[in-house]
Amino acid sequence: MFRNTTKYVALATIGLGAVLPLTQVHAADNKRQNIVFWHSMTGQNAQAIDRVVTDYNASQTKYKVIPEFQGQYVEALPKFLSVGGTSKAPDLFQSNEISTKQLSTSGMIQPMQTLIKKYKFNTKNLRKNILNYYTIDGKLYSMPFNSSAPVLYYNKDAFKEAGIADLPTSPTYEQVTDAAKKLKEKSGRAKLSILPYGWTFEELLANQNQTLVNHGNGRKKTATKATFDNKAGKNILNWIKTNADAGTLVDYGTGANAGDTELSAFTSSQIDMFMNSSASLGNIKKDAKFDVGVTYLPRPKNVKANGVVIGGASIWLSKGKSTKAQKGSFDFLKFATSAKEQAQWSIDTGYFAVNNKSYDTKILKDAFKNTPILAAPVEQLKATTINAASAGALITSMPKERVNTQNAMENVINGKDVDSELSKAVKQTTADIKDANEQSGE
């Protein structure tokens, strides 16, 4: 035993259990290259981020990742854009999927593809349809990290009580509406929610193999107009109208807390069907006091399901950082997207594991065995056709598009005409695209 043990620390990773003075440990730590990582995770997701970082920092001695919370995505993006390209910019920056166009053309980021090539990293184990969203002109711009997609949740106990069979793997609008009518007959009130939310509209559109904007969803060249004033767009709004007219639809509005209210309503059995992110599955399963059903996003009858667009976020690399900082940043990203780390990340958060080999790990296999409904979102992703519609739209004005489409959805719920509301949303989205293009010089 050592006297004055506060001056020493045992490090199993140095030599053969060698013991170094604490001052030497601090000196070694000071020699590490700091990697500043801005993120937007809260609650259990923030704890999961901290675990990934802690695991990485303990796995090697060259780099030290420092996670820093920067608020929600909508708050973090302006912060990054205000310091991008300067010494104040973080090495790594997490941002949601709809910022892809803006960041890729900002001149403030280093495309991930350059480091993939430089360090000969093979992306074959990363899910192709997730990579597809963040790939532009054959070049991967950011590293997928926390990825999700929408699914349809339903209360299997309520279905059973109403004499309704479980929904099929890929339900139609008509099957969902029929179930909603029977649930209303049994309970005496509306039990379905279709939240007026732009993301939901985009996903329902993509599931019909319909792009949101022209030029291959803005992936062949810069989009110049919206393209959803068509049968696919009308299918969505007519389905909403059908349920609103039948009194089977609960309207939670478009307020900032509408999504949380809807989620709480489902877990407390106030509603029995709704669409939400696959990343919500863990919390839903934990909070619901009934048997939860999970199935694919619905589609119109006689329309083949095309699949879903990836949601969530990716991690971007700042431009202008030193070679050592870039190497450390990329080393961390390789670690964070490894099979083992992504498997645990998926367990901790409910997001997809972006690494295919994660699904061969024991912890994920055990999770799927113990909670079979975890498989539905993954199987839906696997079944998604890789094309322009499922790749998602690349436009800088995506936040405005979401306001336009959610307003159309809400107005139809409140009795407005489908054709006029859809036309209005398309015209405004096209105007927003043109304004954004002019501002960026495209």
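The notes below deal with the structure included here.

Cut-off values and rules
- Residues numbered from 1 in each chain as written.
- Predicted model: local features only at pLDDT ≥ 70, side-chain atom pairs only at ≥ 80, totals over all residues.
- Heavy atoms only, no water.
- Helix = DSSP H or I, 4+ residues; strand = E, 2+ residues; numbered from the N terminus.
- Rg over C-alpha atoms; globule rule 2.2 N^0.38 Å.
- Contact = heavy atoms within 4.5 Å.
- Areas by Shrake-Rupley, 256 points an atom, 1.4 Å probe, with all protein chains shown as cover.
- Lys, Arg positive; Asp, Glu negative; His and termini not counted.
- Charge placed at Lys NZ, Arg CZ, Asp CG, Glu CD.
- Axes fitted to C-alpha atoms, helices over the stretch in contact; angles between N-to-C directions.
- Left-handed = near helix turned anticlockwise from the far one by under 90°.
- Nonpolar A, V, L, I, M, F, W, Y, C, P; charged D, E, K, R; others polar.
- Salt bridge = Lys/Arg side-chain N within 4 Å of Asp/Glu carboxyl O.
- Buried < 20%, exposed > 50% of the residue type's maximum accessible area, 1.4 Å probe, protein only.
- Core = buried A, V, L, I, M, F, W, Y, C linked by side-chain atoms within 4.5 Å.
- Arc of directions from axis to C-beta.
- Phe/Tyr/Trp six-rings, centres within 6.5 Å; stacked < 30°, edge-to-face > 60°.
- Lys NZ or Arg CZ within 6 Å of the ring centre and 35° of its normal.
- Polar contact = N/O pair within 3.5 Å; in protein donor to acceptor, adjacent residues only side chain to side chain.
- Pairing = 2+ DSSP bridges.
- Right-handed = clockwise from strand over helix to strand, strands pointing away.

1. Points about the overall build of the protein
Each helix and strand in the protein was counted, giving 20 helices and 15 strands. Expected size for 442 residues packed as a compact globule is a radius of gyration near 22 Å; at 24 Å, the protein falls within 12% of this value. Judged by the C-alpha coordinates and their principal axes, the protein covers about 80 × 55 × 35 Å. If you take every contact in the protein between residues at least 6 apart in sequence, the share linking residues at least 24 apart comes to 76%. Of the roughly 19,800 Å² of accessible surface on the protein, a fraction of 50% belongs to carbon and sulfur atoms. Positive and negative side-chain charges in the protein, numbering 55 and 39 respectively, have mean positions lying 9 Å apart.

2. Quick look at the packing of helix H2 (residues 43-59) against helix H14 (residues 323-336)
Where H2 contacts H14, the axes come no closer than 10 Å and their chain directions differ by 115 degrees. In the packing of H2 onto H14, the handedness of the crossing is right-handed. Residue-level inspection shows Val52, Val53, Asp55, Tyr56 and Ser59 of H2 in contact with H14, the latter providing Gly328, Asp331, Phe332, Phe335 and Ala336. Across the contact of H2 with H14, the residue classes break down as 6 nonpolar, 2 polar and 2 charged.

3. Some remarks on the pattern of salt bridges
Note that side chains of opposite charge can pair when their charged atoms are close. One pass over the full model with this rule turns up 14 salt bridges. Close ionic contact of Arg51 with Glu341 constitutes a salt bridge, the shortest N to O distance being 3.1 Å. Taken together, the residues Arg51 in helix H2 and Glu341 in helix H15 (residues 339-349) connect sequence positions 290 residues apart. Here Glu341 falls in the buried class, since its relative accessible area comes to 5%. Here Lys234 makes a salt bridge to Asp419, at a shortest N to O gap of 3.9 Å. One end of the pair, Lys234, is in helix H11 (residues 231-245); the other, Asp419, is in helix H20 (residues 418-440), with 185 residues separating them in the sequence. We classify Lys234 as partly exposed; its relative accessible area is 31%. Among the charged side chains, a salt-bridge network with shared partners connects Arg51, Asp55, Glu341 and Asp348.

4. Regarding the nonpolar core
Among the nonpolar cores identified, the biggest contains 93 residues, and Phe228, Leu237, Ile240, Met273 and Phe332 are the most heavily contacted of them. Ignoring any residue separated from it by four or fewer positions in sequence, one finds Ile240 in contact with Ile194, Leu249, Met409, Val412 and Ile413. Counting 16 residues, the second-largest nonpolar core is a separate cluster that includes Val151, Ile271, Val292 and Ile373.

5. A look at helix H3 (residues 73-83)
Of the positions making up H3, those classed as buried are Tyr73, Ala76, Leu77, Phe80 and Val83. Down the axis of H3, the smallest arc covering the buried residues is 140 degrees, so these residues share one side. Away from its buried face, by an angle of more than 90 degrees, H3 presents the exposed residues Val74 and Ser82. Among the structural elements, strand S3 (33-39), strand S5 (92-96), helix H4 (100-104), strand S6 (109-110), strand S9 (143-148) and strand S15 (311-318) are those in contact with the buried residues of H3.

6. Notes on the packing of aromatic side chains
Summed over the entire model, instances satisfying the criterion amount to 19 aromatic pairs. When the centroid spacing of 5.3 Å and the interplanar angle of 70 degrees are considered together, the rings of Tyr56 and Phe332 count as edge-to-face. Of this pair, Tyr56 sits in helix H2 while Phe332 sits in helix H14; the two residues are 276 residues apart in sequence, bridging distant segments of the chain. Comparing Tyr56 with Phe332, the two get one shared label, buried. A connected cluster of aromatic rings, assembled from ring pairs, spans Phe37, Tyr56, Phe332 and Phe335. If you follow Arg219 out to its NZ or CZ, it ends over the ring of Tyr133, 5.2 Å from the centre.

7. Details of helix H9 (residues 198-206)
Along H9, 9 of the 9 residues are buried, which leaves the element largely enclosed by surrounding structure. All of the buried residues in H9 are Gly198, Trp199, Thr200, Phe201, Glu202, Glu203, Leu204, Leu205 and Ala206.

8. With respect to the environment of Ser148
Within the element layout of this structure, Ser148 appears in strand S9. Taking C-alpha positions, Ser148 is 24 Å from Asp166, a pair spaced 18 residues apart along the chain. In this view, Ser148 contacts Ser277, Ser278, Ala279, Val309, Ile310, Gly311, Gly312, Tyr351 and Phe352; residues no more than four positions away in its chain are not counted. Within the structure, the side chain of Ser148 is placed 3.4 Å from the side chain of Ser277, a separation counted as a polar contact.

9. Notes on unusual backbone geometry
At Asp137, a position not held by glycine, the phi torsion is positive, near 55 degrees. Looking at where Asp137 falls in the secondary structure, it is placed in the loop between strand S7 (135-136) and strand S8 (139-140). Assessed through its relative accessible area of 68%, Asp137 is described here as exposed. Although it is not a glycine, Asn209 sits at a positive phi angle of roughly 60 degrees. Note that Asn209 resides in the loop between H9 and helix H10 (214-218). Accessibility expressed as a relative area gives 46% for Asn209, which makes it partly exposed.

10. Here's the deal with the pairing of S3
Relative to strand S4 (residues 63-69), S3 is paired through 7 bridges, and the arrangement is parallel. Its bridge partner being in S4, Val36 is matched across the sheet by Ile66. Considered for its hand, the β-α-β crossover made up of S3, H2 and S4 is right-handed. Summarising the sheet, S3 and S5 pair through 2 bridges and their orientation is parallel.

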